[in-house]
Amino acid sequence: MPPKKILCLFDMDGTLTKARQGIDPDFDEFIQTKIKPLCTLGLVGGSDFKKIAEQMNGEDVIFRFDYVFPENGLVQYKFGKEVGRQSIQKFMGEDKIQMFINYVLNYLSTVVLPVKRGNFVEFRSGMLNISPVGRSCSQEERESFEKYDKEFNIRQTMIEALKKRFPDIGLTYAIGGQISFDAFPKGWDKTYCLRHVQNEGFDEIHFFGDKTDAGGNDYEIYNDPRVIGHKVLDPDDTRKQLEKLFDL
């Protein structure tokens, strides 16, 4: 019997890297030398390609991984080449997007936090990324906000307000990372990337992610019947689970 054709698909933040940090070179080497010979490698992240390249030690990530799916797969790279791209602007239209962004900015003007910085709304090809503290915050401020948010549920409360204000706009929301959440068209979560691999002849698709609970940005793909989901705690745990999976 020929060996199974396996795809290992990885979240980035909290799975291959610590949040907003670069991948550890030793772990990167482990992935490339020990895991890549045994399976096809895929990477799916909510971030745009620039951020993925920063954290994955260079733009050659599109060659080190067979599939790279920035922005939940709205942008697709296969074997080093971009093969497709979708746009939230084209999908929703400028009027709806501006109405939504205006409400977000007005809402955030009423939220008082220990600190606030810049870049509260980041426009991406497939989503809007919203950060109450602002993506320009320092690493120390990022970690401080994460603790504050766990206590006071700033992000989840804002999501509930958006759902109430825009019940029919066709957006869904997912909390990911330490400081932000994503707003994107329904069905444009990380399961979106599966349409690009489901007919590639894989016997098994394994997904590794850390935000797998309801509301997390790995929840939908982790629970998708097309994949075998692996909940991880951090990059060290990802490595341990890979060693167990492939009996290394």
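Computed from a prediction, not measured in an experiment: that's the story for all the values here.

A. Broad picture of the pairing of strand E9 (residues 180-185). Counting buried positions along E9 yields six of six residues, so the element is predominantly enclosed. One ladder, built from three bridges, connects strand E7 (residues 128-130) with E9; its direction is antiparallel. Bridged to isoleucine 130 within E9 is phenylalanine 181. In terms of strand pairing, strand E8 (residues 171-176) meets E9 through six bridges, oriented antiparallel. Across the sheet, the residue bridging to glycine 176 is serine 180, located in E9.

B. Representation of the sheet that holds strand E3 (residues 67-69) within the structure. Strand order across the open sheet formed by seven strands is E5-E4-E3-E2-E1-E10-E11, with mixed pairing between neighbours. Edge strands, defined here as strands with exactly one partner in the open sheet, are strand E5 (81-85) and strand E11 (228-231). Between one strand axis and the next, the sheet turns by 20° as a mean value, whatever way the strands run. As judged from the three bridges shared by strand E2 (residues 40-44) and E3, these two strands associate in the parallel manner. In the strand pairing of E3, valine 44 is matched with phenylalanine 69. Where helix H9 (residues 235-245) meets the sheet, it contacts strand E1 (6-10), strand E10 (204-209) and E11, and its direction lies at approximately 155° from that of E10.

C. Spatial organisation of unusual backbone geometry. At phenylalanine 79, a residue that is not glycine, the phi angle is positive and equals roughly 50°. Following the sequence through the fold, phenylalanine 79 ends up in the loop between strand E4 (75-78) and E5.

D. Structural detail: the nonpolar core. If you look at the biggest cluster of nonpolar residues, it comprises 34 residues, and the most contacted ones within it are Phe100, Ile130, Met158, Leu162, Tyr173 and Phe181. Counting only elements with at least two residues in this core, the list comes to helix H4 (88-92), helix H5 (94-108), E7, helix H7 (154-165), E8 and E9. At six residues, the largest contribution of residues to this core is made by H5. Ignoring anything within four residues of it in the chain, the contact list for isoleucine 130 reads Phe100, Val104, Leu108, Phe120, Met158, Leu162, Ile179, Ser180, Phe181 and Ala183. Counting 27 residues, the second largest nonpolar core, distinct from the first, contains Phe49, Met56, Val68 and Tyr77.

E. Summary view of the sheet that holds E8. The strand order E6-E7-E9-E8 describes an open sheet built from four strands, whose pairing is antiparallel. Bordering the open sheet on either side are strand E6 (121-123) and E8, each of which pairs with just one other strand. Sheet twist, expressed as the average angle between the axes of neighbouring strands with direction ignored, equals 25°.

F. How the structure looks around the environment of isoleucine 62. Structurally, isoleucine 62 is set in helix H3 (residues 61-64). According to the relative accessible area criterion, isoleucine 62 is buried, its value standing at 11%. Measuring from C-alpha to C-alpha, the distance between isoleucine 62 and arginine 20 comes to 19 Å, with 42 residues separating the pair along the chain. Excluding anything up to four places from it in sequence, isoleucine 62 contacts Phe49, Val68, Tyr77, Phe79 and Gly80.

G. Up close: the side chain of threonine 191. The topology assignment puts threonine 191 in the loop between E9 and E10. Under the relative-accessibility criterion, threonine 191 is labelled buried at 15%. Among the polar contacts listed, one links the side chain of threonine 191 to the side chain of aspartate 189, at a separation of 2.4 Å. Contacts of threonine 191, omitting those with residues within four sequence positions, involve Glu220, Ile221, Asp224 and Arg226.

Scoring rules and cut-offs
- Along each chain, numbering runs from 1 in the same order as the chain's sequence is written.
- Since the coordinates come from a predicted model, pLDDT governs what is reported: local features require at least 70, and pairs of side-chain atoms require 80 or more to be given and counted, while whole-chain, interface and lining totals use all residues.
- Here the side-chain values reflect all heavy atoms present in the structure, with hydrogen atoms and water set aside.
- When accessible area is computed with a 1.4 Å probe and restricted to protein chains, residues below 20% of their type maximum are described as buried, those above 50% as exposed, and intermediate ones as partly exposed.
- For the purposes of this entry, the term helix denotes a DSSP run of H or I that reaches at least four residues, the term strand denotes a run of E that reaches at least two, and both are numbered from the N terminus.
- Two strands form a pair only when DSSP identifies at least two bridges running between them.
- Orientation is described by lines fitted to C-alpha atoms, with helices fitted over the stretch in contact, and by angles between N-to-C directions that extend from 0 to 180 degrees.
- Should any heavy atoms of two residues lie within 4.5 Å, those residues are considered in contact.
- To form a nonpolar core, buried Ala, Val, Leu, Ile, Met, Phe, Trp, Tyr and Cys residues must be joined to one another through side-chain atoms within 4.5 Å.
- Polar contact is defined as a pair of N or O atoms within 3.5 Å, subject to the rule that within protein one atom must be able to donate a hydrogen and the other to accept it, and that residues adjacent in sequence are counted only when both atoms are side-chain atoms.

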